[in-house]
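A structural walkthrough
So you can see what is in the structure, the chains are spelled out below.
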Amino acid sequence: MRLFQDLIRNQHFVDGHWKKGELDESLLVVDKFTGKTLAEIALASKDQMEIALEGAKKGFHVLQSWSAGRKSDHLIRLADLLESRAEAFADLIVAEAGKPLGYARLEVDRSLDTLRTAAREAVQFAGEVVPMDYRNGEGRTAYTRRFALGPIAAISPFNFPLNLALHKIAPALAVGCSVVLKPSLLAPLTSLAFAALVQEAGYPAGALNVVLCDNEVAEYLVRHTSIRLVSFTGSPEVGWHIKSIAGAKRVTLELGGNAALIIDENADLTRAAQAAAKGAFLYSGQICISTQRIYVLAAVYQEFMQKLEEATHALKTGDPLLEDTTAGPIISGHHLQRIDAWVKEALSQGATLLSGGKILDAAKNLYAPTLLTHTRPEMKVVCEEVFGPVAIVETVPDFAAALNAVNHSKFGLQAGVFTNRLDHVLLAHQELEVGAVIINQVPGFRIDSMPYGGVKSSGLGREGVRYAMESMTEMRLLVY
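A brief report on the enclosed structure follows. (Residues numbered from 1 in each chain as written. Predicted model: local features only at pLDDT ≥ 70, side-chain atom pairs only at ≥ 80, totals over all residues. Heavy atoms only, no water.)

With that out of the way, let us pick up the overall build of the protein chain. Looking only at helices and strands, the protein chain features 15 helices and 21 strands. Computed over its C-alpha atoms, the radius of gyration of the protein chain comes to 23 Å, within 12% of the 23 Å expected for a compact globule of 480 residues. By the burial criterion, 58% of the 480 residues in the protein chain qualify as buried. Restricting the contact set of the protein chain to residue pairs at least 6 apart, pairs at least 24 apart contribute 74%. Accessible surface, the protein chain as shown: approximately 19000 Å² in total, 51% of it carbon and sulfur. Across the protein chain, the mean location of the 47 positive side-chain charges is 5 Å away from that of the 53 negative side-chain charges. (Helix = DSSP H or I, 4+ residues; strand = E, 2+ residues; numbered from the N terminus. Rg over C-alpha atoms; globule rule 2.2 N^0.38 Å. Buried < 20%, exposed > 50% of the residue type's maximum accessible area, 1.4 Å probe, protein only. Contact = heavy atoms within 4.5 Å. Areas by Shrake-Rupley, 256 points an atom, 1.4 Å probe, with all protein chains shown as cover. Lys, Arg positive; Asp, Glu negative; His and termini not counted. Charge placed at Lys NZ, Arg CZ, Asp CG, Glu CD.)

As for its placement among the helices and strands, V434 is situated in the loop between α14 (422–431) and β19 (436–439). Note: C-alpha distance between V434 and L353 (81 residues apart in sequence) is 28 Å. The contact partners of V434, leaving out residues within four places of it in the chain, are G412, L413, Q414, A415 and V455.

A few words now on the sheet that holds strand β13 (residues 352–355). Reading across the sheet, the 7 strands line up as β13-β16-β17-β12-β11-β18-β19 and stay open at both edges, with mixed pairing between neighbours. Bordering the open sheet on either side are β13 and β19, each of which pairs with just one other strand. Across this sheet, the average inter-strand angle for adjacent strands is 25 degrees, counted without regard to direction. With 4 bridges joining them, strand β11 (residues 260–263) and strand β18 (residues 414–418) adopt parallel strand pairing. Bridge assignment links I263 to a residue of β18, and that residue is F418. (Pairing = 2+ DSSP bridges. Axes fitted to C-alpha atoms, helices over the stretch in contact; angles between N-to-C directions.)

Glancing now at the environment of P443. Examined against the element boundaries, P443 turns out to sit in the loop between β19 and β20 (459–460). Leaving out residues up to four positions away in the same chain, P443 has contacts with A259, A260, L261, I289, T291, Q414, A415, G416 and I438.

Our next topic: the side chain of S409. Considering the arrangement of structural elements, one finds S409 in the loop between α13 (399–407) and β18. Judged by its relative accessible area of 14%, S409 is buried. Separated by 2.9 Å, the side chains of S409 and N258 make a polar contact. A distance of 3.0 Å separates a polar atom in the side chain of S409 from the backbone nitrogen of F411. Ignoring any residue separated from it by four or fewer positions in sequence, one finds S409 in contact with N258, R293 and K456. (Polar contact = N/O pair within 3.5 Å; in protein donor to acceptor, adjacent residues only side chain to side chain.)

Right, let's get into the pattern of salt bridges. Considering all chains together, one arrives at 24 salt bridges under this definition. Notably, a salt bridge pairs K316 with D324, separated by 3.5 Å at the nearest N-O pair. For K316, a relative accessible area of 32% gives the class partly exposed. Take D324: its relative accessible area is 48%, and that puts it in the partly exposed class. Here the salt bridges do not stand alone but share partners, grouping R2, D31 and D91 into one network. (Salt bridge = Lys/Arg side-chain N within 4 Å of Asp/Glu carboxyl O.)

Here the focus is unusual backbone geometry. The phi torsion at H374 lies on the positive side, around 55 degrees, for a residue other than glycine. Of note in this structure, K456 is not a glycine but carries a positive phi near 55 degrees. Its location among the elements puts K456 in the loop between β19 and β20.

Attention now goes to the side chain of N159. Turning to its location among the elements, N159 is positioned in the loop between β6 (152–155) and α5 (163–175). Within the structure, N159 has its side chain in polar contact with the backbone oxygen of Q286 (distance 3.2 Å). The contacts of N159, once residues within four sequence positions are left out, are K99, E107, L164, Y283, Q286, I287, C288 and F387.

One way to put it is that helix α3 (residues 86–97) packs onto helix α6 (residues 189–200) with a least axis distance of 9 Å and a crossing angle of 155 degrees. Viewed along their axes, α3 and α6 adopt a mutual orientation that is roughly antiparallel. The residues of α6 that touch α3, namely those facing F89, L92, I93 and E96, are L189, T190, A193, F194 and L197. Taken together, the residues of the contact of α3 with α6 break down into 7 nonpolar, 1 polar and 1 charged. (Parallel < 35°, antiparallel > 145°, perpendicular 65-115°, else oblique. Nonpolar A, V, L, I, M, F, W, Y, C, P; charged D, E, K, R; others polar.)

Attention shifts here to the pairing of strand β17 (residues 390–396). Taken across its 7 residues, β17 has 6 buried, putting it largely inside the fold. One ladder, built from 5 bridges, connects strand β12 (residues 293–297) with β17; its direction is parallel. From the neighbouring strand, V296 faces β17, where its bridge partner is T395.

Let us now look at helix α1 (residues 46–63). Between its first and last C-alpha, α1 extends 25 Å over 18 residues, near the 26 Å set by a 1.5 Å rise per residue. Among the residues making up α1, those that are buried are Q48, M49, A52, L53, G55, A56, G59, F60 and L63. Along the axis of α1, the buried positions cluster into a sector of 165 degrees, meaning they face one direction only. In α1, the exposed positions that point more than 90 degrees away from the buried face belong to D47 and H61. (Expected span 1.5 Å × (residues − 1). Arc of directions from axis to C-beta.)

Tallying each qualifying case throughout the model produces 0 disulfides. We note that C383 lacks a disulfide partner, and the nearest cysteine sulfur, in C288, lies 17 Å from it. (Disulfide = S-S within 2.5 Å.)

A word on the packing of aromatic side chains. Going through the model one piece at a time under the given rule, you end up with 5 aromatic pairs. By way of ring pairs, the aromatic residues Y103, F160 and Y283 are connected into one cluster. The lysine or arginine in question, R446, covers the ring of Y452, its NZ or CZ lying 3.7 Å from the ring centre. (Phe/Tyr/Trp six-rings, centres within 6.5 Å; stacked < 30°, edge-to-face > 60°. Lys NZ or Arg CZ within 6 Å of the ring centre and 35° of its normal.)

Running from amino to carboxyl end, helix α9 (residues 269–281) crosses helix α10 (residues 301–313) at an angle of 45 degrees, the nearest separation of the two axes being 8 Å. Classified by the angle their axes make, α9 and α10 are oblique. Pair α9 / α10 crosses with right-handed handedness. In this structure, α9 uses L269, T270, A272, A273, Q274, A276, A277 and F281 to contact α10, whose residues at the interface are E303, F304, K307, L308, A311 and T312. (Left-handed = near helix turned anticlockwise from the far one by under 90°.)

If you want it as structure tokens, here you go:
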């Protein structure tokens, strides 16, 4: 028996209770590699979402009265409960999200960091003293406190079904906000399993609600006046639509991109090639900051390409339960066919195939790690987010041209730069239109406490525990 079996829930967690969905429409959650059914869950109705929202309001009124110490203690308790079931959660992530086992274990480890970081931040999150002892403010003192906004709507994606949900849940609980979570229907079981931990940890009813629903009910959640902030991770099309219908409430959007990597002529090419291959093809590229565009200075292009192709061929694609698998299944057959169509379209428009470029096993949703060159900026594999094991590699004459190539995009989440020149480090930080510049590493680098988010079409606002806590609270000034 797989380790995750005891974690499976086929009901929604609403106002502290497990409830069956009321709609006739049911969701089949399947193992992404074997195709076996993991659970069948009836979707929630609008009335059930309303109950969740009412529960979130009641839960918020309890949570906002908790001391910082109590909030911190409960987050630590949550982390301890998760750690005691870490291997089972990793096994569940492998099954429902198709994530390679080693990477699933890393996600659980990162989730523990997210919870424990939130526990630390809960007791040190504070306002500031505001200088006021001058002019007509002489003799007065002023300082700010931060107060929780209220119930939060969280919409999380399939690719990190635990940690990206926790990037919304943990900071909310740290400041005293309740949460209504709508997880991806492609991988919802991990969120439901975590809700059971919240219940076990002794949180009040309504502190966390997990509701699986269709788009109509999800829009009802986003529009609802009791929600004070919507935090969404997913596609740009859905994200900007959410912003357009959210009304006056705050919105945080993490929308991914087509992350770029620059290889400077003085870079450590062996290290850069190995990092680039893993950065492009880990979890079959289904990461918001997967390496998709690689720009190599002409002086080192041939040498780098030889090393990159060797590193790519050394990667293993297949069963995500095997320890040495890097690239497992694509999340669904629909996305497998979309990726294949985009690659074929690029080849028909003049791109050159360096490796891969084919479906390895349609039944298991496996696609070969693919490198393309001689692409053009308007090709989908360049200008859109592939979200698959596809990377393009192009030569550029100099570092300035590389910076321009990276910026020639509607996205701007993170970028990586392999260089040993300090002036190029500073220039990249100055010129690249992204949320973060990662030096001598791929753009997929992330620590869960750092500010994370993009510019342009890559999103709005920042995640990272303390930064999310700021967006989930209102500053209030006291003058006396």
